[in-house]
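Here's the letter readout for the chains.
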Amino acid sequence: STADMTSGTSYFILVRAQDDANPANDEGWYTVRSVTFTYDGAAPSILVQTPADASFFGNSSPLVISGTAADPLSGVNMVQLRIKYDDAGQYWTGTHNGSGNFTATITTNTADFSGDPTWQFNIPIGELNADFTHGQGYEIQARAIDTAGSTSAFTTVRTIEYDIQVPTGTVTFPTTFMNGSQTTISGTAEDAPAGVGLVEVAISSDVNGGAGSWYN
């Protein structure tokens, strides 16, 4: 039983065969066909580093999901991802940097692990446009499988939200005129669901924005 084995310990196996002749022909303990193996009973470790939990993503660049995985004995063989469309209860099935779609079947996707110990899974812009829904949340989990076949638990769920709506900014003051005692330009800016991160103002003395007309 593997319950009696110690993870990280090497074990030596010998074989011996006898036939059914009387008396039996016995090859004896045959060391040429022996095997030495190391017992790896510990699951690999895995982390999801990006994107951050409760963050927002858009369609100006691919969705990049990445992290690290390690196993000190047999090494990591594979990293798998589970990406769930929260409200619909559907799961992404696709390839790294390739096509995919959401399905009702619980599915895992294989990440690229060529940068050991860093793993990565990208969903291209075209796939985001075709299959992801603005304002909806998506859950991410990952697990690692080592060369010995031990599998880690899935990581804690990270939820990210898809936001492709352009924020809007409006000037509320001034309207038509402004005097020398008035030094404030004000307005409103709105965005959902991510919220407004930055508002910038540009001032020109030329309605066409000609060279040399901009306030600096």
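The structure this text deals with has already been given above.
The sections below set out a description of the structure shown in this document. In this text the structure is predicted, and so the values were computed from the model without any measurement. For every chain, the first residue of its written sequence is number 1, and the numbers climb from 1 along that sequence. Predicted model: local features are reported for residues with pLDDT of at least 70 only, side-chain atom pairs are reported and counted for 80 or more only, and whole-chain, interface and lining totals are derived from all residues. The basis for the side-chain values is all heavy atoms of the structure; hydrogens and waters are excluded.

Observations regarding the pattern of salt bridges
Here, a salt bridge means any Lys or Arg side-chain nitrogen found within 4 Å of an Asp or Glu carboxyl oxygen. For the structure shown, the criterion picks out one salt bridge. Taking the shortest distance from any N to any O, the salt bridge between aspartate 26 and arginine 16 comes out at 2.5 Å. Of this pair, aspartate 26 sits in the loop between strand 1 (10-15) and strand 2 (30-38) while arginine 16 sits in the loop between strand 1 and strand 2; the two residues are ten residues apart in sequence, bridging distant segments of the chain. Only protein chains enter the area calculation, which uses a 1.4 Å probe; residues under 20% of their type maximum are buried, those over 50% are exposed, and those in between are partly exposed. Among the residues examined, aspartate 26 registers a relative accessible area of 34% and is labelled partly exposed. Judged by relative accessible area, which is 45%, arginine 16 ranks as partly exposed. For the purposes of this entry, the term helix denotes a DSSP run of H or I that reaches at least four residues, the term strand denotes a run of E that reaches at least two, and both are numbered from the N terminus.

Quick word on a nonpolar patch on the surface
On the surface, Val171, Met178, Ile185, Val196, Val199, Val201, Ile203 and Tyr215 cluster together to form a nonpolar patch covering roughly 780 Å² of accessible area. As for its placement among the helices and strands, isoleucine 203 is situated in the segment after strand 15 (186-190). To count toward a patch, a residue needs a relative accessible area above 30% and no salt bridge. Like charges then connect within 9 Å, nonpolar side chains (Val, Leu, Ile, Met, Phe, Trp, Tyr) within 5 Å. Each accessible area value is a Shrake-Rupley result obtained with a 1.4 Å probe; residue values ignore everything except the protein chains displayed when judging cover.

Some thoughts on the pairing of strand 5 (residues 63-70)
The rule for pairing is simple: two strands pair if DSSP sees at least two bridges between them. In the sheet, strand 3 (residues 45-50) pairs with strand 5 via five bridges, with the strands oriented antiparallel. Residue pairing across strands places leucine 47 opposite threonine 68, the latter belonging to strand 5. Bridge count for strand 5 against strand 11 (residues 118-123) is six bridges, and the pairing is antiparallel. Each residue of the ladder has a partner; that of valine 64, found in strand 11, is asparagine 122.

Just distances and angles here, no functional claims.
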